[in-house]
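# Structural description and commentary
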Amino acid sequence: MAPPPAADTGEAAPACRGRIDAAASEARFVVDVRLPIKAEGRFAGVEGELVPRPDGQCEVRVRLRADTVEYSGPEWMAKLTRSPAFLDAESHPDVAFDSAAFPVAWLNEGGSIRGRLKLRGRERPVEFALRPAECDTPGQACAIRVSGEVSRRDFGMQAYRFTVKDPVRFDFAIRLEASP
């Protein structure tokens, strides 16, 4: 079911168009482990675009490379995350999220964005929270912030069940390239 159109408040709507600025954007994830270590990583580059639809709504497409995972901690954690036991970066290098349509106003107001996440060759419906913007021009003057949680088991990551908990939290801070 498509979200209802945004009410006209008389304010300028944020722009629903632009390529993601890979250098200025971040995609982080946190895995809860039952060890006294921090298991937080990031994907080195975020690619994609914010796309306007003919009906006035938006869609977002995000692409990440599983082989670019970095950790601030020990390198063995990054290698393990890229391994066949988790992301299986060699066989499935691409991680992708394609949203369903959502109102442009949500870029400022926040909302719940549904879509499909492709990870490890499996595609599943997911829902992420688009947080209210911290400025008038999200993506330009401030980051578009999105967060959510997925089940690693839904994507075939069942290794280390006794040391790694199921939920994986994602946090995105998206900046758009400057318009020409």
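Each remark here, short or long, concerns the structure printed above.
Read on for an overview of the structure. Source: prediction; values computed, not measured. (Residues numbered from 1 in each chain as written. Predicted model: local features only at pLDDT ≥ 70, side-chain atom pairs only at ≥ 80, totals over all residues. Heavy atoms only, no water.)

### Some words on the nonpolar core
Of all hydrophobic cores here, the largest spans 44 residues; its most connected members are Phe43 and Phe102. When residues in this core are grouped by element, the largest group, five residues, is from strand β12 (residues 164-174). Discounting residues that sit within four places of it in the chain, Phe43 has contacts with Ala27, Phe29, Leu64, Arg65, Ala66, Thr68, Val69, Leu87, Val95 and Phe170. (Core = buried A, V, L, I, M, F, W, Y, C linked by side-chain atoms within 4.5 Å. Buried < 20%, exposed > 50% of the residue type's maximum accessible area, 1.4 Å probe, protein only. Helix = DSSP H or I, 4+ residues; strand = E, 2+ residues; numbered from the N terminus. Contact = heavy atoms within 4.5 Å.)

### Regarding the packing of aromatic side chains
Aromatic rings considered in pairs are described by the distance between their centres and by the relative angle of their planes. A full pass over the atoms with the stated rule returns five aromatic pairs. With a centroid separation of 5.5 Å and 50° between ring planes, the pair formed by Phe29 and Phe43 is classed as tilted. Separated by 14 residues along the polypeptide, Phe29 in strand β2 (residues 26-33) and Phe43 in strand β3 (residues 40-43) bring together distant segments of the chain. Summarising the burial analysis for this pair, Phe29 and Phe43 share the class buried. (Phe/Tyr/Trp six-rings, centres within 6.5 Å; stacked < 30°, edge-to-face > 60°.)

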